[in-house]
Amino acid sequence: MLKNEMVDYRELAHDGLGSPKWRHLKLLLYWPFFGLAFLFVERIGVGGSYYPMHCAVDDIIPFCEYFLIPYLFWFVFLVGMHIYTLLFDVESFKKFMHFIMLTYSAAMLIYLLFPTCQNLRPTEFARDNIFTRFMAAFYQFDTITNVCPSIHVIGSVAVMLAAWHSKHFSTPRWRAVFLLAALLICVSTLFLKQHSLLDVLAALPICAVADFIVYHRTAEPR
């Protein structure tokens, strides 16, 4: 495929998903599987008690509602990389999905074997604005269980690495942009009191192992 050539999915209607050319689309089936598994763990639970995640650094980090912007940008970050790789870089999409499947599955297994929770959220806000009102509503919806490792962190690293190894975003400037975006998203989970620093740190070795398996173990010398 040429560097700026878009994949023509109109041929899919003729070839079908059984064709080797479109087999990569089956990787998207992982998302409904993960959604159901996460819903089971979150809403139904696994029984027993939850271990609270907390460290001294968490008490130093203040709540700052303005980090809601990078926190929500995570969804654009994740979905955007899916769309880009599907349209312009299928090989990167495959590796991106393999990374997601390895890391997210590992996180789910940890949630089952080592249920965690956090009690970091503020009971009241110092300011009243659109961001704090959103967070108040979000706290009502989002549970405080199964937080370690952080899925937000894992997803951010997944997008960053996919960009670093893609055709269009592997230049030093683009790598810096994606690194900054991933860092802001990870930090936002701490300032919004969605995660402990321990949750962030726990996600990093999982990402490191997946990075080696997906991007380096079978990588050809450049």
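See the structure printed just above.
## A few points about the overall build of the protein chain
Phase 1 of the analysis: Each helix and strand in the protein chain was counted, giving 9 helices and 2 strands.
Phase 2 of the analysis: In the protein chain, the succession of helices and strands from N to C terminus is α-α-β-α-α-α-β-α-α-α-α.
Phase 3 of the analysis: Taking all 222 residues of the protein chain together, 45% fall into the buried category.
Phase 4 of the analysis: Long-range pairs, those at least 24 residues apart, make up 82% of the contacts in the protein chain with a sequence separation of at least 6.
Phase 5 of the analysis: Approximately 12,300 Å² of the protein chain is accessible, and the part contributed by carbon and sulfur atoms is 70%.

## Overview of helix α5 (residues 90-113)
Phase 1 of the analysis: Relative to the 34 Å expected for 24 residues at 1.5 Å per residue, α5 spans 34 Å between its end C-alpha atoms, a close match to the ideal helical length.
Phase 2 of the analysis: Within the span of α5, buried status applies to V90, S92, F93, F96, M97, F99, I100, T103, Y104, A107, M108 and Y111.

## A short note on the nonpolar core
Phase 1 of the analysis: Ranked by size, the top nonpolar core spans 46 residues in total, and within it M81, F96, F99, Y104 and F178 carry the most contacts.
Phase 2 of the analysis: Elements supplying a minimum of two residues to this core: α2 (30-44), α4 (68-88), α5, α7 (151-164), α8 (172-191) and α9 (197-216).
Phase 3 of the analysis: It is α7 that provides the largest number of residues to this core, a total of 11 residues.
Phase 4 of the analysis: Residues within four places of F99 in sequence aside, it is in contact with I154, V157, A158, L161, C207, A210, D211, V214 and Y215.
Phase 5 of the analysis: If you look at the next biggest cluster of nonpolar residues, it comprises 9 residues, including F63, C64, Y139 and L192.

## Remarks on the packing of aromatic side chains
Here the distance between the centres and the angle between the planes together describe a pair of aromatic rings.
Phase 1 of the analysis: Evaluated as defined, the whole model comprises 24 aromatic pairs.
Phase 2 of the analysis: Between W74 and F75, the aromatic rings sit 4.9 Å apart at their centres with planes inclined by 80°, giving edge-to-face as the arrangement.
Phase 3 of the analysis: Accessibility expressed as a relative area gives 9% for W74, which makes it buried.
Phase 4 of the analysis: Looking at F75, the relative accessible area reads 42%, which means it is partly exposed.
Phase 5 of the analysis: Through successive ring pairs, a cluster of aromatic residues spans Y30, W31, F33, F34, F38, Y104 and Y111.

## Focus on unusual backbone geometry
Phase 1 of the analysis: With an omega of 5°, the peptide bond running from C148 to P149 counts as cis.
Phase 2 of the analysis: Here P149 is to be found in the loop between α6 (130-141) and α7.
Phase 3 of the analysis: In this structure, K193 takes a positive phi of about 60° despite not being glycine.
Phase 4 of the analysis: Mapped onto the fold, K193 is located in the loop between α8 and α9.
Phase 5 of the analysis: Accessibility expressed as a relative area gives 7% for K193, which makes it buried.

## Details of a nonpolar patch on the surface
Phase 1 of the analysis: A cluster of nonpolar side chains, namely F40, Y51, L109, L112, L113 and F114, defines an oily patch on the protein surface of about 630 Å² accessible area.
Phase 2 of the analysis: Considering each element in turn, the nonpolar patch owes the most residues, 3 residues, to α5.
Phase 3 of the analysis: Relative to the assigned elements, F114 resides in the loop between α5 and β2 (116-117).
Phase 4 of the analysis: Residue F114 is classed as partly exposed on the basis of its relative accessible area, which comes to 38%.

## Description of the side chain of T143
Phase 1 of the analysis: Within the secondary structure, T143 sits in the loop between α6 and α7.
Phase 2 of the analysis: Taking the relative accessible area as the measure of exposure, T143 reaches 19% and is therefore buried.
Phase 3 of the analysis: A distance of 3.2 Å separates a polar atom in the side chain of T143 from a polar atom in the side chain of T145.
Phase 4 of the analysis: When neighbours within four sequence positions are excluded, T143 is seen to be in contact with E42, R43 and R121.

What counts and how
- Throughout this document, residue positions are counted from 1 along each chain, in the order its sequence is written.
- Only residues with pLDDT of at least 70 are given local features in this predicted model, and only at 80 or more are side-chain atom pairs given and counted; all residues enter the totals for whole chains, interfaces and linings.
- Here the side-chain values reflect all heavy atoms present in the structure, with hydrogen atoms and water set aside.
- In DSSP terms, a helix is any run of H or I states spanning at least four residues, a strand is any run of E spanning at least two, and both are numbered starting from the N terminus.
- Partly exposed describes any residue whose relative accessible area lies between the buried limit of under 20% and the exposed limit of over 50%, with all areas from a 1.4 Å probe on protein chains only and scaled to the type maximum.
- Between two residues, a contact is recorded if the distance between any of their heavy atoms is within 4.5 Å.
- Note on areas: these come from Shrake-Rupley sampling with a 1.4 Å probe, and a residue is covered only by the protein chains present in the view.
- To estimate how far a helix should extend, the number of its residues minus one is multiplied by 1.5 Å.
- Residue types Ala, Val, Leu, Ile, Met, Phe, Trp, Tyr and Cys, when buried and joined through side-chain atoms within 4.5 Å, form a set referred to as a nonpolar core.
- Classification of ring pairs rests on two measures: the distance between centres of Phe, Tyr or Trp rings, Trp counted by its six-membered ring, which must be within 6.5 Å, and the angle between planes, read as stacked under 30 degrees, edge-to-face over 60 and tilted in between.
- Each patch groups residues whose relative accessible area exceeds 30% and which form no salt bridge, using 9 Å between like charges and 5 Å between nonpolar side chains of Val, Leu, Ile, Met, Phe, Trp and Tyr.
- Salt bridges are counted wherever a side-chain nitrogen of Lys or Arg sits within 4 Å of a carboxyl oxygen of Asp or Glu.
- Pairs of N or O atoms are called polar contacts if they sit within 3.5 Å, as long as, within protein, a hydrogen donor faces a hydrogen acceptor (for residues adjacent in sequence, only side-chain-to-side-chain pairs).

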